[in-house]
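Now for the letters of each chain:
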Amino acid sequence: MTSKLQQVIRLLMVLTRNDYTESKRSSARPDGRGGLLVLRVHSMQAVRRPTYTVAAAGPWCFRMSEEHVQNEATARLSSSIYFCDCPCEEDLQMFSNIFGPLHFVCSFQDDQDKQETEAATATFLQRLSLVNAKVTIVFKVRDKEHSHSQVFRAKNRLSLMDHAISMDSTIFSQTPFTMACLPTCTRMHPVLGERVALLLPSEVMEAGLCGDPSGVPLKRGEGATQLSFLHSLADSPAWAELGQARVRHAESQSGQGSVSCEVEFSVDDEDDTQPQGRRVEPEHTVQQTVMLFLLFEYRDPFHSQLSDVIGTVQIRSEETLERCLDKVLWYNDDKVRSALQSLLKSALRGFLKRNKSQERLQSAMSVILSSVKSIVSSSSSVDFRTACLTTMKVQSSYDLSFPLHQKLQRVINGRFVSRSRCTSEKASETIMSEWNSHEEPENGLPSKRTHEEEEEEEETPSCSKRQCSEFTAGDSYAFESNIWETLDNQMQWSQGSQRELVDMGLAESSTPSLSNTELKKQQVDREWLQEIENLSEWD
Amino acid sequence: MSEQFSEVDKLRAALFQSIQAHSETSTGHSGDIARIDVLTRIENVILKIIQSLSREEAPVLVLKNRSSWSNVRFDQSLGLLMSSDATITTVRSDCPSSVTKFAQVLKCLLSIYRLVQSDSYATKRDIYYNDPQLFGSQKSVDSIVDDISCMLKVPRRSLHVLATSKGFISGDLCYLEEDGTRVDCNSSSTHEDIVSSAKFVLIIEKDATFQRLMDDEFCTQLYPCIIMTGKGVPDVNSRLMVRKLWDTLHIPVFALVDADPHGIEIMCIYKYGSVSMAFEGASLTIPSIKWLGLWPSDIERFGVARDALIPFTQADEKKMNSLRKRPYSSCQPAWESEMELMMRRKCKAEIQSLESIAPQFLTRAYLPNKLRYGDWI
């Protein structure tokens, strides 16, 4: 993926972030919704230099004039970026029609014209949408022959560290280890970990890490150092404590329309190694995937006051963090491992509890069966022995073991009935840290923030199975206009409901003395419209 | 010397008349259950388990709740007995939280089955060591053995499971053990053919007091008598021993306990029984027990030094309140007034506090005079 595009998006995020911080101080927090357009147009001319346009609209982003954008871009971006006009104004117009006035537009020429750049860009944008789940991201590619678009939008969100994190499980469904034959759990259950203050190694400090983060996901560039720390987790003996055997990792592979992770791990099924007949696993096993998000936040109170300098410095800092992430993790080896261990233990609590119950049942089962069989075998009462053997339909006490075992196993298995869907209960919160009272430490890098009860309403109780993105490989104007129409229709629903709410609000203000019946009717209408707005989110 | 025991003899005569009047049998408890009967009862439990499994239903064990006062009733002549409609606990074999207990009960049943079948004996400790990992603790085995005894409606001794010896006994007592050994008490084992000319049995709460009496040659001084101690809260064997002595000798049984709630409770256990063993209550209680000392009123009467007294703790108050709510508390008005006195003063005293009056006061003056003048309640 082109680093220039990353820089521009980072600039947008930094400016938006700064604005968010300011508005938070004044208690005027923006809604956080809106759209981000990344348009890549291949030149029709002989020199094939694609042009990128990054545009943002909606309340989520900072409102700037075009001149101001230009000034900021010139001041903070590298001199190798050549700014130009957007070659496809009609796309900008359509984008604006749907998401509202444009607050940010920046077009520039890129010098990388490789097929894989497009795929890398899509991956980057999809990853960006994970941690900016309120923003609809549209990636559109045009060349002289065809054009196609992808839309990245999350239906289920979790608010964490001032970001909306996508909770759509379908985009994570494809991993190298996915067993297609098994049903997968369609829900994502967030389990929040603790906040860990990290120390910076001296070389990272000297490289200069300061300012506030932009919210752009860190991505290893080509040739960057492998994340050896994350790889080393596969060999950690702590997996045994979590009831996992033979953990192995592989490099991530980006599946079609799926999110690639930095590192992926798989665990071998322990039951495969158990002797026959020992399993109490129910017949329909549900595959589970644990997605681990490491969220980094760094603050330098000294530099954060220098707003004039901060933009460029922030961008440089994030690049430094990208390069040095592995070093930082190794420098805080014990702390990070301990926090991960604790988090995974919480996430796997249900699994571990179930395992323990099954172990207990299996262990007791052998005692029960051996005691019963021994008493029957050693009894001198013919009537008693006959009654036992007849009941179990066997000829001798020697044949008693197997049917007894089978029956008891079936009785025990009947207690564990797997469901293909999860319950509608909320996912449990785990460790609550002292986030709110904790001062950001110098050089501290908390990896995760525990979330209080705020904004939990954004978690939805169930998750749609539908893919949340993707229209791929459309190639006609009619098709692509469908993109905008579809987006437009969805946005019109919510805008329409908002307009009606506004109208009703006006109606209310102009006729203050409404009767009770009218008030009640309006209340019902408001609730109905709210339902429709919610429905539009779900499509 | 005959004057020494004149009151004791009168009491004995009165008790004997009472026994005849109430037609108490010499073995006023359920006798030992035949071994074959015990085996049959265990086999019935196993058969029910197999029948449940054949229907693919989870086998369950039903145990009576032995820890609730609401499950016992009080009979003045027998003591605490388990109610016929006692609440129950169901132990399921398909539930992770109860399956371990289910397995423990079956493991114990197997051990008991083998012991009874082979007519051999083992202690509860031996059962625990059959599978320490399964049982986890000795306490767990102790409780399960009593649960099985209650479930099968069989006395514990008929299960051929013995408790580790705890009580001591001494005095004019000889008995024959099963293997023909004659025991002259100066042991705790099974006993038959009790021979004694003792005038009374003295139950002593604490081992320290028992040893004190031994050191002061109390049994020689007040010959013939039998003294015994359960060393605190008595185990079943100790209670059985005293009951056996009563059933065989029909002689007065006196209790010498500290003047504190704990001592009174121990005395009540001998006399009326306990909640946990209420299912076997009639075979373990001695309702005719008399309280010889130390009474709360003795403290002032004999001039026990104030610094020998101990103030009540919160636990003492709680215990005393609990005792006063027991179903048998109103049966003994004299005991009740002594307890009220203790509550009013909010202080307690140990038997050892009598030493503040004079050395050997307990064995040279207190006990002999109490027995001589019939000073018991």
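Going by the structure above, here's the rest.
Residues numbered from 1 in each chain as written. Chains lettered and ligands numbered in written order. Predicted model: local features only at pLDDT ≥ 70, side-chain atom pairs only at ≥ 80, totals over all residues. Heavy atoms only, no water.

Along its length, chain B carries 14 helices and 16 strands. Element-wise, carbon and sulfur atoms account for 49% of the exposed surface of chain B, whose accessible area totals about 16,300 Å². (Helix = DSSP H or I, 4+ residues; strand = E, 2+ residues; numbered from the N terminus. Areas by Shrake-Rupley, 256 points an atom, 1.4 Å probe, with all protein chains shown as cover.)

Each helix and strand counted, chain A has 14 helices and 10 strands in total. Looking at chain A as a whole, 48% of its 539 residues are labelled buried. In chain A, 78% of the contacts between residues at least 6 apart in sequence involve partners at least 24 apart. As presented, chain A carries roughly 27,800 Å² of accessible surface, and 50% of it is formed by carbon and sulfur atoms. (Buried < 20%, exposed > 50% of the residue type's maximum accessible area, 1.4 Å probe, protein only. Contact = heavy atoms within 4.5 Å.)

Another point: the sheet that holds strand E3 (residues 82-83) of chain A. Within a sheet, neighbouring strands are paired by backbone hydrogen bonds and run either parallel or antiparallel to one another. Residues and elements named next belong to chain A. Taken in spatial order, the 6 strands line up as E3-E4-E2-E1-E5-E6 in an open sheet, and their pairing is mixed. In this open sheet, the two strands that pair with only one neighbour each are E3 and strand E6 (147-152). The sheet contact formed by strand E1 (residues 34-41) and strand E5 (residues 135-142) spans 8 bridges and is parallel. Bridge assignment links Leu 36 to a residue of E5, and that residue is Ile 137. (Pairing = 2+ DSSP bridges.)

This brings us to the pairing of strand E3 (residues 79-82) of chain B. Residue and element names in this part refer to chain B. In this sheet, E3 lies alongside strand E2 (residues 72-75) in antiparallel orientation, the contact comprising 4 bridges. Directly across from Phe 74, in E3, lies its bridge partner Leu 80. Counting the residues that bridge the hairpin from E2 to E3 gives 3 residues.

The next thing to look at is the pairing of strand E11 (residues 201-204) of chain B. Residues and elements named next belong to chain B. Of the two faces of E11, both are covered, the one formed by Val 201 and Ile 203 as well as the one formed by Leu 202 and Ile 204. Bridging between E11 and strand E12 (residues 226-229) involves 4 bridges; their strand directions are parallel. Bridge pairing links Leu 202 to Ile 227 in E12. Pairing of E11 with strand E13 (residues 253-256) involves 4 bridges; the strand directions are parallel. When the sheet's bridge partners are listed, Ile 204 is paired in E13 with Leu 256.

Ring pairs (aromatic) are described by centroid distance and by the angle formed between their planes. All names here are of chain B. This structure, assessed with the given rule, holds 13 aromatic pairs over all chains. Here the aromatic residues Phe 5, Phe 200, Phe 254 and Trp 376 are joined through ring pairs into a cluster of three or more. Taking the ring centre of Trp 295 as reference, the NZ or CZ of Lys 370 above it sits at 3.3 Å. (Phe/Tyr/Trp six-rings, centres within 6.5 Å; stacked < 30°, edge-to-face > 60°. Lys NZ or Arg CZ within 6 Å of the ring centre and 35° of its normal.)

Judged by nonpolar contacts, the single largest core of 77 residues is most densely connected at Leu 173, Phe 200, Leu 202, Phe 218, Phe 254, Leu 367 and Leu 371 of chain B. Here the element with the most residues in this core is helix H10 (residues 261-272) of chain B; it accounts for 6 residues. Contacts of Phe 218 of chain B, omitting those with residues within four sequence positions, involve Phe 200, Leu 202, Leu 213, Cys 225, Ile 227, Thr 363, Leu 367 and Leu 371 of chain B. Formed by 58 residues, the second largest nonpolar core is a distinct cluster that contains Met 392 of chain A together with Ile 42, Val 45 and Leu 106 of chain B. (Core = buried A, V, L, I, M, F, W, Y, C linked by side-chain atoms within 4.5 Å.)

This next bit is on the pattern of salt bridges. Under the definition given, this model contains 31 salt bridges over all chains. Measuring nitrogen to oxygen at the nearest pair gives 2.7 Å for the salt bridge that ties Asp 91 of chain A to Arg 142 of chain A. One end of the pair, Asp 91 of chain A, is in helix H3 (residues 89-99); the other, Arg 142 of chain A, is in strand E5, with 51 residues separating them in the sequence. In this structure Arg 142 of chain A comes out as buried when scored by relative accessible area, which is 16%. The salt bridge involving Asp 298 of chain B is made with Arg 301 of chain B; its shortest N-O contact spans 2.6 Å. Placement of both Asp 298 of chain B and Arg 301 of chain B in helix H11 (residues 296-301) is noted, with a separation of 3 residues, approximately one turn of the helix. (Salt bridge = Lys/Arg side-chain N within 4 Å of Asp/Glu carboxyl O.)

With that out of the way, let us pick up the interface of chain A and chain B. At the junction of the two partners, chain A supplies 28 residues and chain B supplies 30 residues. Approximately 2,500 Å² of surface area, both sides summed, lies buried where chain A meets chain B, with 75% of it carried by carbon and sulfur atoms. Between chain A and chain B we count 2 salt bridges in total. The partner of Arg 410 of chain A in a salt bridge is Glu 56 of chain B, and the shortest N-O contact between them spans 2.6 Å. On inspection of chain A and its partner chain B, the count reaches 5 residue pairs in polar contact (both at pLDDT 80 or more). At 12 residues, the largest contribution of residues to the side of chain A that touches chain B is made by helix H10 (residues 349-378) of chain A. Counted by class, the side of chain A that touches chain B contains 16 nonpolar, 8 polar and 4 charged residues. (Buried area = accessible area lost by both parts, 1.4 Å probe. Polar contact = N/O pair within 3.5 Å; in protein donor to acceptor, adjacent residues only side chain to side chain. Nonpolar A, V, L, I, M, F, W, Y, C, P; charged D, E, K, R; others polar.)

Residues and elements named next belong to chain B. Across the sheet, which stays open at both edges, the 5 strands sit in the order E7-E12-E11-E13-E14 with mixed pairing between neighbours. The open sheet terminates on both sides in strands that have one partner only, identified here as strand E7 (168-171) and strand E14 (290-293). Ignoring strand direction, the axes of neighbouring strands in this sheet form an average angle of 25°. In terms of strand pairing, E7 meets E12 through 4 bridges, oriented antiparallel. (Axes fitted to C-alpha atoms, helices over the stretch in contact; angles between N-to-C directions.)

This brings us to a nonpolar patch on the surface. Taken together, Val 60, Val 62 and Ile 88 of chain B make up a surface patch of nonpolar side chains, about 230 Å² in accessible area. The residue Ile 88 of chain B is located in strand E4 (residues 88-92) in this model. (Patch = residues over 30% accessible without salt bridge, like charges linked within 9 Å, V, L, I, M, F, W, Y side chains within 5 Å.)

What follows concerns unusual backbone geometry. All names here are of chain B. Cis geometry marks the peptide bond from Tyr 223 to Pro 224; its omega dihedral reads 0°. Following the sequence through the fold, Pro 224 ends up in the loop between helix H8 (218-221) and E12. Note the cis peptide between Gly 293 and Leu 294, where omega equals -10°. You can see Leu 294 is positioned in the loop between E14 and H11. With a phi close to 50°, His 250 is a non-glycine residue in the positive phi region. Tracing the sequence through the fold places His 250 in the loop between helix H9 (236-249) and E13. Even without glycine at this site, Lys 346 takes up a positive phi of about 55°. Checked against the element boundaries, Lys 346 lands in the loop between helix H13 (333-345) and strand E16 (347-348). Classification of Lys 346 by relative accessible area gives partly exposed; the value is 36%.

Looking now at the environment of Val 8 of chain B. For Val 8 of chain B, the position within the fold is in helix H1 (residues 6-22). Beyond its immediate chain neighbours, meaning those up to four positions away, Val 8 of chain B contacts Lys 199, Phe 200, Pro 252, Phe 254, Leu 371 and Trp 376 of chain B.

Our next topic: the packing of H10 of chain A against helix H12 (residues 401-413) of chain A. All names here are of chain A. Direction vectors running N to C along H10 and H12 enclose 145°, while the axes themselves pass 10 Å from each other. In the crossing of H10 with H12, the sense of the turn from one axis to the other is right-handed. Taken together, the residues of H12 that come into contact with H10 (itself represented by Leu 361, Gln 362, Met 365, Ile 368, Leu 369, Val 372 and Lys 373) are Ser 401, Leu 404, His 405, Leu 408, Gln 409 and Ile 412. Residues that form the contact of H10 with H12 fall into these classes: 8 nonpolar, 4 polar and 1 charged. (Left-handed = near helix turned anticlockwise from the far one by under 90°.)

This brings us to H9 of chain B. Residues and elements named next belong to chain B. Over its 14 residues, H9 runs 20 Å from end to end, which matches the ideal 20 Å to within 8%, given 1.5 Å per residue. Among all positions of H9, only Val 236, Ser 238, Arg 239, Leu 240, Met 241, Val 242, Arg 243, Leu 245, Trp 246, Asp 247 and Leu 249 are buried. Note on H9: the residue one or two positions beyond its end, His 250, has a positive phi of about 50°. (Expected span 1.5 Å × (residues − 1).)

On to the packing of H10 of chain A against helix H3 (residues 99-118) of chain B. For any two helices packed against each other, the geometry comes down to the angle between their axes and how far apart the axes lie. Where H10 of chain A meets H3 of chain B, the closest approach of the two axes is 9 Å, and the angle between their N-to-C directions is 25°. Regarding the angle of H10 of chain A to H3 of chain B, the classification is roughly parallel. In terms of crossing hand, the pair formed by H10 of chain A and H3 of chain B is left-handed. Where H10 of chain A approaches H3 of chain B, its residues Arg 360, Leu 361, Ala 364, Val 367, Ile 368, Ser 371, Val 372, Ser 374, Ile 375 and Ser 378 of chain A are matched on the opposing element by Val 99, Thr 100, Phe 102, Ala 103, Leu 106, Lys 107, Leu 109, Leu 110, Tyr 113, Arg 114 and Gln 117 of chain B. For the contact of H10 of chain A with H3 of chain B, a count of residues per class yields 13 nonpolar, 5 polar and 3 charged. (Parallel < 35°, antiparallel > 145°, perpendicular 65-115°, else oblique.)

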